[in-house]
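# Coordinates in review
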There are 2 protein chains.
Amino acid sequence: MPSEIRDAMDAIGEQARSAGQVIARTPTGAKNRALEAMARQIEGARDRILEANAADLEAANRTGLSSALLDRLELTPERVGAMAEGLAQIASLPDPVGEISDMSPRPSGITVGKMRVPLGVIGIIYESRPNVTADAAGLCLKSGNAAILRGGSEALHSNGAIGDCLARGLAEAGLPESVIQVLKTTDRSAVSAMLQSPHYLDVIVPRGGRGLIEKVSAESQVPVIRHLDGNCHVFVDDHADVDKAVEIAFNAKCRRYGVCGAMETLLLASSVAAAVLERLLPRYVEAGVELRGCARTREMVPGCTGATESDWETEYLAPVLAVRIVDSLDEAIAHIGRYGSGHTDAIVTNDLSRSQRFIREVDSSSVMVNASTQFADGFEYGLGAEIGISTDRLHVRGPVGLEGLTIQKYIVYGDGTTRP
Amino acid sequence: MPSEIRDAMDAIGEQARSAGQVIARTPTGAKNRALEAMARQIEGARDRILEANAADLEAANRTGLSSALLDRLELTPERVGAMAEGLAQIASLPDPVGEISDMSPRPSGITVGKMRVPLGVIGIIYESRPNVTADAAGLCLKSGNAAILRGGSEALHSNGAIGDCLARGLAEAGLPESVIQVLKTTDRSAVSAMLQSPHYLDVIVPRGGRGLIEKVSAESQVPVIRHLDGNCHVFVDDHADVDKAVEIAFNAKCRRYGVCGAMETLLLASSVAAAVLERLLPRYVEAGVELRGCARTREMVPGCTGATESDWETEYLAPVLAVRIVDSLDEAIAHIGRYGSGHTDAIVTNDLSRSQRFIREVDSSSVMVNASTQFADGFEYGLGAEIGISTDRLHVRGPVGLEGLTIQKYIVYGDGTTRP
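Residues numbered from 1 in each chain as written. Chains lettered and ligands numbered in written order. Predicted model: local features only at pLDDT ≥ 70, side-chain atom pairs only at ≥ 80, totals over all residues.

Within chain A, the secondary structure is distributed over 15 helices and 16 strands. Computed over C-alpha atoms, the radius of gyration of chain A comes to 24 Å, within 12% of the 22 Å expected from 2.2 N^0.38 for 420 residues, which places it in the range of a compact globule. Counted over contacts in chain A with a minimum sequence separation of 6, partners at least 24 positions apart contribute 73%. (Helix = DSSP H or I, 4+ residues; strand = E, 2+ residues; numbered from the N terminus. Rg over C-alpha atoms; globule rule 2.2 N^0.38 Å. Contact = placed C-beta atoms within 7 Å.)

Structural data, given as structure tokens:
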């Protein structure tokens, strides 16, 4: 890595560390005033942000970015407004920092409890969508963390313009601008420098496609909160209400195809498969959903393509659905354990003990009973906002909100108490 | 790495994964029966364990292991009994797995909450003390995790004999023996294989000296819960009760020198320094504690050695204490922030608002008011037992008990509920 990049990143890291110490101690009111000022700055700079975005879009068109990526990159006056509104909403959320819990006296005479504190300095590495700049910055600030944000080179101008607004908002509220630092370099070695910097980053949150997340996971010396695939399942149990099963299976696939909580494989108990498919098939056909079935599914669904091993493993994010008929709850749980990605899986059943077994035995970040997997979302869960959905097993699983960006330390009170 | 080691470790990893799925679902009663059976097996095999330990001690004597390490390696009938008792105690602790919390209805009609679940497969890499084999195995089993244990080569026979007891205990309780696998190879590449195996290990807990922990941290592809140095401070504030300050400062240094919660630097507010030192010095002199002071301390303590920069950074684990006189709470907090290791730090004060500032602003895994830093311990905190003390910032800080070996997943209930 070029030494000037290493030096520049070290300077940024040191600034983040010292800003992190300030923001960790900043009272809620002052953090909220900063968030509101950042929102106003974005509102006030709408035209400048759109101009910067137009420059990014022009360059992206020239380099032939795909239309899906162009859509994610594009800002509209509404999207800029939504960014500002998002920051104001974060200001209205309860502040987790400083929350004290579980205080209880011990036989020795000390009283022991926990206090919630920020993680420190958070690195965000993301692609395309410039609104992440404002969202992630707002969540990090409110949870008392400093942040270093590294967006994709395709969004350099947009992110820079948004970053300027955030800095002005911080300054307006009397907080150090280096609480939020948006990198203004497209040099790829800046990412490597972040990944190799456990001395100034406490955690990295990658947001983007599989390639980005795998690169970050493989190379990072800094702990990572990952969001990998959502290969989500709905299992319709023998004891399911067929009406509910049909509604859930349709919603879980068709509400939105491109979200990580979308169902990718439908598992049907053999005793109800025919009844469910009879009602569900016409709706899938109307929506244009292509089915790929196991042998028994194909017997029931004329013309259905055969599912291969890779279908069970695939997160389609598209109007395609793998369907498998199983003979038992055990078989369903085993299928999910083998092929699932530990994101979100649901059972449809009216049987209490089966619902309990499914909840206990399916090892996913969200496990649902009689609800659509598309509910997997921080807003729906009441977190107010989310920085991503963790499919990791340490620190936090599922949607990551403000609390997920904090940790508890122990606090101990005595009265001159010594240990025997 | 030799391919036969890689293959052997992969086989062990696969067995651990499948045993992990079994133990994650095992009810509390069955886990407790296994713990009690393991305890009985250890009691019953006391002589065999002591013979194996004698073989290790003989080999260690031949290779010239230091007397401190020999002491840690040595088992006595009492130490074997304590191991068995430790397992029985873990059986009596509440089981965190399956605990449901925070269930609350959302406007959409779903009810969202959290369920505590095991982490999966835990790797323990440790040195010398064979009792870790039983302690760590018991904590992992009770928290529903499978474990792969890799002790030091100096304790190979002892760990093997203990591991055999654990396996027989598991079998007696009808659980898979591979829930707890004690590696019986001294090949160092087995450790490297563990560090490179995120596919079958969910977390690694290293227990040992700085060298081991730094190697594990630097090389591991698996998330690590680290326990680094305890460079602990006591700050005696202007508003301290001098009696309490003297008792705490003496206990924090002298109760035991070799524990990570021992005070290594004493910070004295200038207004009370003389009064505290007058009472404290004779006691330190009697205990044989050597002081290393700042310039102002040396004016008050005739013949006191001068403290260098490295004294502020050092975890002595010995009857040596660095002493610094400071002019304010700010200066004390800044000193701890700069030189401390984020383990355990205490203030002695009667001033409420200063105690609150210290608690909020000192970023350590345990922050104490008017109590000895030697209280930093899972038993003292009411965790029942601990697998170590985390100085990491993610997942868990401070003493790690059963709860620290688990994580919460989301559970969602609907009634045929779909997302609009």
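Let us now look at the interface of chain B and chain A. With 57 residues of chain B at the interface, the matching set in chain A holds 56 residues. No other element matches the 11 residues that strand β16 (residues 406–417) of chain B contributes to the side of chain B that touches chain A. Classifying every residue of the side of chain B that touches chain A gives 21 nonpolar, 19 polar and 17 charged. Note: strand β13 (residues 366–371) of chain A against β16 of chain B, 5 bridges, orientation parallel. Within the sheet, the bridge partner assigned to methionine 368 of chain A lies in β16 of chain B and is valine 412 of chain B. (Nonpolar A, V, L, I, M, F, W, Y, C, P; charged D, E, K, R; others polar. Pairing = 2+ DSSP bridges.)

Let us look at the relation of the copies chain B and chain A. Once chain B has been moved 0.0 Å along the axis and rotated by 180°, it coincides with chain A to within an RMSD of 0.1 Å. Overall, the copies show the geometry of a two-fold rotation axis. By C-alpha distance to the rotation axis, the residue of chain B lying nearest is histidine 395 of chain B, at 1.8 Å. When the interface residues of chain B are mapped onto chain A, 98% of them are again interface residues, pointing to one common binding face. (Least-squares fit on C-alpha atoms with pLDDT ≥ 70 in both.)

The next point concerns the pairing of strand β12 (residues 344–348) of chain B. Residue and element names in this part refer to chain B. In terms of burial, β12 is a largely internal element, 5 of the 5 residues being buried. Sheet topology places strand β7 (residues 232–236) next to β12; 4 bridges connect them, and they run parallel. From the neighbouring strand, valine 234 faces β12, where its bridge partner is alanine 346. Of the strand pairs in this sheet, β12 and strand β13 (residues 366–371) are connected by 4 bridges, and their pairing is parallel. Paired with threonine 344 across the two strands is serine 366, which belongs to β13. (Buried ≥ 20, exposed ≤ 12 C-beta atoms within 10 Å, placed from the backbone.)

Let us look at the domain arrangement of chain A. Residues and elements named next belong to chain A. Looking at chain A, the domain boundaries give domain 1 (3–227 + 397–413) and domain 2 (232–378). Put simply, the middle of domain 1 and the middle of domain 2, counted by C-alpha atoms, are 35 Å apart. With 4 residues of domain 1 at the contact, the number on the domain 2 side is 4 residues. (Domains from an automatic or database assignment.)

The next thing to look at is the environment of valine 320 of chain B. Residues and elements named next belong to chain B. Relative to the helices and strands, valine 320 resides in strand β11 (residues 320–326). Along the sequence, valine 320 and threonine 265 sit 55 residues apart, while their C-alpha atoms lie 9.1 Å from each other. Not counting chain neighbours up to four residues away, the residues in contact with valine 320 comprise Val289, Glu290 and Arg292.

Right, let's get into the sheet that holds strand β4 (residues 146–150) of chain A. Residue and element names in this part refer to chain A. Overall, parallel pairing links the 4 strands, which are arranged β5-β4-β3-β6 in an open sheet. Two strands in the sheet have a free side with no partner beyond their single neighbour: β5 (180–182) and β6 (203–207). Ignoring strand direction, the axes of neighbouring strands in this sheet form an average angle of 15°. Contacts between helix α1 (residues 3–25) and the sheet are confined to β3 (121–126), β4 and β5, with β4 contributing the most and set at about 140° to the helix. In the packing of helix α9 (residues 210–219) onto the sheet, the strands contacted are β3 and β6, and the crossing angle to β6 comes to about 160°. (Axes fitted to C-alpha atoms, helices over the stretch in contact; angles between N-to-C directions.)

Our next topic: the sheet that holds strand β1 (residues 100–105) of chain A. One open sheet holds the 10 strands; their spatial order is β1(A)-β2(A)-β16(A)-β13(B)-β12(B)-β7(B)-β8(B)-β11(B)-β9(B)-β10(B), and the pairing between them is mixed. This sheet does not close on itself; its edge strands, each paired only once, are β1 of chain A together with β10 (305–306) of chain B. Both strand β9 (residues 290–293) of chain B and β11 of chain B contribute to a ladder of 4 bridges, which runs parallel. Among the inter-strand pairings, glycine 293 of chain B is bridged to a residue of β11 of chain B, identified as valine 323 of chain B. Taken strand by strand, helix α15 (residues 352–361) of chain B contacts β2 (111–118) and β16 (406–417) of chain A together with β12 and β13 of chain B, and its axis lies near 155° from that of β13 of chain B.

Moving on, we get to the environment of proline 118 of chain B. Residue and element names in this part refer to chain B. By secondary structure assignment, the location of proline 118 is in strand β2 (residues 111–118). On the neighbour-count criterion, proline 118 (28 C-beta atoms within 10 Å) is buried. Sequence-wise, proline 118 and glutamate 386 are 268 residues apart; in three dimensions their C-alpha atoms are separated by 16 Å. Ignoring sequence-local partners within four residues, the contact set of proline 118 consists of Ala24, Val97, Ser143, Gly144, Asn145 and Thr406.

Let's shift gears to unusual backbone geometry. Residue and element names in this part refer to chain A. With a phi close to 55°, asparagine 370 is a non-glycine residue in the positive phi region. Among the secondary structure elements, asparagine 370 is positioned in strand β13. Unlike most non-glycine residues, histidine 395 shows phi in positive territory, near 75°. Counting through the fold element by element, histidine 395 comes out in the loop between β14 (388–390) and β15 (398–400).

Residues and elements named next belong to chain B. Taking 1.5 Å as the rise per residue, helix α3 (residues 46–63) with 18 residues should run 26 Å; its terminal C-alpha atoms sit 26 Å apart, in good agreement. All of the buried residues in α3 are Ile49, Ala52, Asn53, Asp56, Leu57 and Ala60. Down the axis of α3, the smallest arc covering the buried residues is 145°, so these residues share one side. Exposed and facing more than 90 degrees away from the buried side of α3 are Asp47, Glu58, Asn61 and Arg62. Contacts from the buried residues of α3 go to α2 (28–44), α4 (67–73), α5 (77–92) and α7 (156–172). Two residues or fewer past α3, glycine 64 is found with a positive phi of approximately 75°. (Expected span 1.5 Å × (residues − 1). Arc of directions from axis to C-beta.)

Residue and element names in this part refer to chain B. α7 packs onto helix α6 (residues 131–142) with a crossing angle of 30° between their chain directions and a minimal axis gap of 8 Å. In terms of axis orientation, α6 runs roughly parallel to α7. In this structure, α6 crosses over α7, and the sense of that crossing is right-handed. Residue-level inspection shows Thr133, Ala134 and Ala137 of α6 in contact with α7, the latter providing Asn159, Ile162, Gly163 and Leu166. Taken together, the residues that form the contact of α6 with α7 break down as 4 nonpolar, 3 polar and no charged. (Parallel < 35°, antiparallel > 145°, perpendicular 65-115°, else oblique. Left-handed = near helix turned anticlockwise from the far one by under 90°.)

Our focus in this paragraph is the confidence of the model for chain A. In the predicted model, chain A carries a mean pLDDT of 95, and the fraction of residues at 70 or more is 100%. Two summary scores accompany this predicted model of the complex, namely pTM at 0.94 and ipTM at 0.95. (pLDDT = per-residue confidence, 0-100.)

This brings us to the pairing of β11 of chain B. All names here are of chain B. Across the 7 residues that make up β11, a large majority, 6, are buried. Where strand β8 (residues 263–269) and β11 come together, 5 bridges link them in parallel fashion. Considered in β11, the bridge of alanine 269 is made with valine 326.

A word on the environment of threonine 305 of chain B. Residue and element names in this part refer to chain B. Secondary-structure assignment places threonine 305 in strand β10. Judged by the 15 C-beta atoms lying within 10 Å of it, threonine 305 is partly exposed. The sequence separation of threonine 305 and leucine 291 amounts to 14 residues, and the corresponding C-alpha distance is 6.6 Å.

All names here are of chain A. With their axes 10 Å apart at the nearest point, helix α10 (residues 242–254) and helix α11 (residues 270–287) run at an angle of 35° to one another. For α10 against α11, the interelement crossing comes out right-handed. Here α10 contributes Val242, Ala245, Val246, Ala249, Phe250 and Cys254 to the contact with α11, which in turn contributes Val272, Ala275, Val276, Arg279, Leu280, Arg283 and Ala287. Tallied by class, the residues present in the contact of α10 with α11 amount to 11 nonpolar, no polar and 2 charged.

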